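The lines below spell out each chain.
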Amino acid sequence: MWSFCLGFRDWYHNHLERCLGTLRTQHEPGLKYEILVCDSSQDPDAQVEQLCHKFGAIYVPNPEEEWSRSIALNVAARVALGERLVFTDADMLFPQNWIYRANYEIALRPTVNLWLTLSRDCEQGTRYPEPPILPEDLWRLSWPHPGGKRGKGGGMIIPRDWFFTVGGFDEFYKIWGCEDEDLTDRAEWDGQKVEWLEGTFIAHQWHTRNWPTPEQFQQVARNREYYYRLKEQGGPVHRNGR
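All of the points below concern the structure found in this document.

The rules we used
Every chain is numbered on its own, with residues counted from 1 as its sequence reads. With pLDDT at 70 or above as the cut-off, local features in this predicted model cover only qualifying residues; side-chain atom pairs require 80 or more to be listed or tallied, and sums for whole chains, interfaces and linings still use all residues. No hydrogens and no water enter the side-chain calculation; it runs on all heavy atoms of the structure. The helix and strand labels rest on DSSP assignments: H or I over at least four residues marks a helix, E over at least two residues marks a strand, and numbering proceeds from the N terminus. Think of it in three bands: residues with accessible area under 20% of the maximum for their type are buried, residues over 50% are exposed, and the middle band is partly exposed, with areas taken using a 1.4 Å probe on protein chains only. Methods summary: accessible areas were calculated by the Shrake-Rupley approach with a probe of 1.4 Å, and residue burial reflects only the protein chains presented. For the purpose of charge, His is not counted, nor are the chain termini; Lys and Arg are scored as positive and Asp and Glu as negative. One atom stands in for each charge, and that atom is NZ of Lys, CZ of Arg, CG of Asp or CD of Glu. Polar contact is defined as a pair of N or O atoms within 3.5 Å, subject to the rule that within protein one atom must be able to donate a hydrogen and the other to accept it, and that residues adjacent in sequence are counted only when both atoms are side-chain atoms. The contact criterion used throughout is that any non-hydrogen atoms of two residues lie within 4.5 Å. Whether two strands pair comes down to DSSP finding at least two bridges between them. Counted as salt bridges are all cases of a side-chain nitrogen of Lys or Arg within 4 Å of a carboxyl oxygen of Asp or Glu. Between the N-to-C directions of two axes lies an angle of 0 to 180 degrees, each axis being a line fitted to C-alpha atoms and, for a helix, fitted only over the stretch in contact. Angular relationships are summarised with four words: roughly parallel below 35 degrees, roughly antiparallel beyond 145, roughly perpendicular across 65 to 115, and oblique for the angles in between. Nonpolar residues are Ala, Val, Leu, Ile, Met, Phe, Trp, Tyr, Cys and Pro. Charged residues are Asp, Glu, Lys and Arg, and all others, Gly as well, are polar. What is meant by a nonpolar core is a set of buried Ala, Val, Leu, Ile, Met, Phe, Trp, Tyr and Cys residues, joined one to another through side-chain atoms within 4.5 Å. Centres within 6.5 Å are what make two rings of Phe, Tyr or Trp a pair, Trp counting through its six-membered ring; a difference in plane orientation under 30 degrees is then read as stacked, over 60 as edge-to-face, and the rest as tilted.

### Some thoughts on the overall build of the protein chain
Then, in step 1: Across its full length, the protein chain holds eight helices and 11 strands.
Then, in step 2: Expressed as lengths along the three principal axes of its C-alpha atoms, the size of the protein chain is roughly 45 × 45 × 35 Å.
Then, in step 3: Here the protein chain holds 242 residues, and the buried ones make up 53% of them.
Then, in step 4: Roughly 11600 Å² of accessible area belongs to the protein chain as shown, and the carbon and sulfur atoms make up 50% of that amount.
Then, in step 5: A distance of 3 Å separates the average location of the 27 positive side-chain charges in the protein chain from that of its 35 negative side-chain charges.

### Observations regarding the side chain of Ser 41
Then, in step 1: Note that Ser 41 resides in the loop between β2 (33-39) and α2 (46-55).
Then, in step 2: The class of Ser 41 is buried, set by a relative accessible area of 12%.
Then, in step 3: Within the structure, the side chain of Ser 41 is placed 2.6 Å from the side chain of Asp 39, a separation counted as a polar contact.
Then, in step 4: Once residues within four sequence positions are removed from consideration, Ser 41 is found in contact with Phe 8, Arg 9 and Asp 10.

### Points about the sheet that holds strand β5 (residues 92-93)
The strands that make up a sheet pair up through hydrogen bonds in the backbone, lying either parallel or antiparallel.
Then, in step 1: Across the sheet, which stays open at both edges, the four strands sit in the order β5-β11-β7-β8 with mixed pairing between neighbours. Looking at which strands have only one partner, the edges of the open sheet turn out to be β5 and β8 (142-144).

### As for the pattern of salt bridges
Then, in step 1: Under the defined criterion, the tally for this structure stands at 13 salt bridges.
Then, in step 2: For Arg 78, the salt bridge goes to Glu 171, with nearest N and O atoms at 3.2 Å. Here Arg 78 is found in helix α3 (residues 69-79), whereas its partner Glu 171 is found in the loop between α6 (160-165) and α7 (179-189), with 93 residues between them in sequence.
Then, in step 3: Salt bridges sharing common partners tie together Arg 101, Glu 105, Arg 109, Glu 195 and Glu 198.

### So, the packing of α7 against helix α8 (residues 214-233)
Then, in step 1: It is at 11 Å that the axes of α7 and α8 come closest, and there the two elements cross at 10°. Considered as vectors, α7 and α8 are oriented roughly parallel to each other. Contacts from Glu 181, Asp 182, Asp 185 and Trp 189 in α7 reach Tyr 227, Leu 230 and Lys 231 in α8.
Then, in step 2: Taken together, the residues of the contact of α7 with α8 sort by class into three nonpolar, no polar and four charged.

### A short note on unusual backbone geometry
Then, in step 1: That bond from Pro 131 to Pro 132 is cis: its omega, 0°, falls within 30 degrees of zero.
Then, in step 2: One can find Pro 132 in the loop between β7 (119-122) and α5 (135-141).
Then, in step 3: The omega angle of the peptide bond from Gly 235 to Pro 236 is 10°, so this bond is cis rather than trans.
Then, in step 4: Structurally, the position occupied by Pro 236 is in the segment after α8.
Then, in step 5: Of note in this structure, Asp 10 is not a glycine but carries a positive phi near 45°.
Then, in step 6: By secondary structure assignment, the location of Asp 10 is in the loop between β1 (2-8) and α1 (13-24).
Then, in step 7: Positive phi outside glycine occurs at Cys 178, with the angle close to 85°.
Then, in step 8: Relative to the helices and strands, Cys 178 resides in the loop between α6 and α7.

### Things to note about the nonpolar core
Then, in step 1: Counting residues in hydrophobic clusters, the biggest one holds 31 residues, and the most contacted among them are Trp 2, Phe 4, Leu 6, Trp 98 and Ile 157.
Then, in step 2: Looking at this core, the elements with two or more residues in it are β1, α1, β2, α2 and α4 (98-108).
Then, in step 3: Counting 29 residues, the second-largest nonpolar core is a separate cluster that includes Leu 36, Val 60, Val 166 and Trp 196.

### Here we look at the environment of Ser 119
Then, in step 1: Inspection of the secondary structure assignment puts Ser 119 in strand β7.
Then, in step 2: Owing to a relative accessible area of 8%, Ser 119 belongs among the buried residues under this scheme.
Then, in step 3: Taking the C-alpha atoms as reference, Ser 119 lies 8.2 Å from Gly 155; in sequence the two are 36 residues apart.

### With respect to the packing of aromatic side chains
Aromatic rings considered in pairs are described by the distance between their centres and by the relative angle of their planes.
Then, in step 1: According to the stated counting rule, one finds 16 aromatic pairs in the structure shown.
Then, in step 2: Ring geometry for Trp 11 against Tyr 12: centres 4.9 Å apart, planes inclined by 70°, an arrangement best described as edge-to-face.
Then, in step 3: By relative accessible area, Tyr 12 is classed as partly exposed at 28%.
Then, in step 4: On the numbers, 5.3 Å between centres and 75° between planes, the contact of Tyr 173 with Tyr 226 is edge-to-face. Pair noted here: Tyr 173 is in the loop between α6 and α7 and Tyr 226 is in helix α8, with a separation of 53 residues, a long-range link.
Then, in step 5: By relative accessible area, Tyr 173 is classed as buried at 0%.
Then, in step 6: In this structure Tyr 226 comes out as buried when scored by relative accessible area, which is 15%.

Spatial relationships are all this shows, so hold off on functional conclusions.
Following this line, the structure appears as structure tokens:
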């Protein structure tokens, strides 16, 4: 089984709905998967729970008061049952054949432990088709992400056993930023082979950039300082007390 883990907090419900729609319409014969949404909204969000029910996803409430993508994904992963964990965001779109292509490439290269997915961007005003979205249609609706292979956390596939052995995402990272690059580096430091999927991609839905607040952005800056300090010293691999 594979487990798709998402974090959500006071965000665009229509983005989450489209994301869940593209995840629920994945198909690979013989491969079971589940979807988990960790809701870190400041107040209980009935609409998120309703969307989870609509798409057969598992609703995971998160009692943490401060938003942390790292903590939300760790909380979802602890509930997950899959031997492979797929970490993504609530505003990503997956082409219909994503899980098929990913499973195919994993079978071809079994020595690879951690997989990343190339991300593309949709523009303002994009009219999204109803899921399932064919890969050629999603490609046509999106453009290359600036900087090429960036945004590693949009579609990470990680073995469950290794993820928990190293303590999951580092929970120092609050708000968002650098937690996915950090985990990728830790995998390489630990001798795990990391590769990008070659035959598929995901797309990021456009939204306004009206946050973080100045105070939150200070934390994002601290995330970067912390990440680059650990990157320079090459570790440690294990975090969160592990």
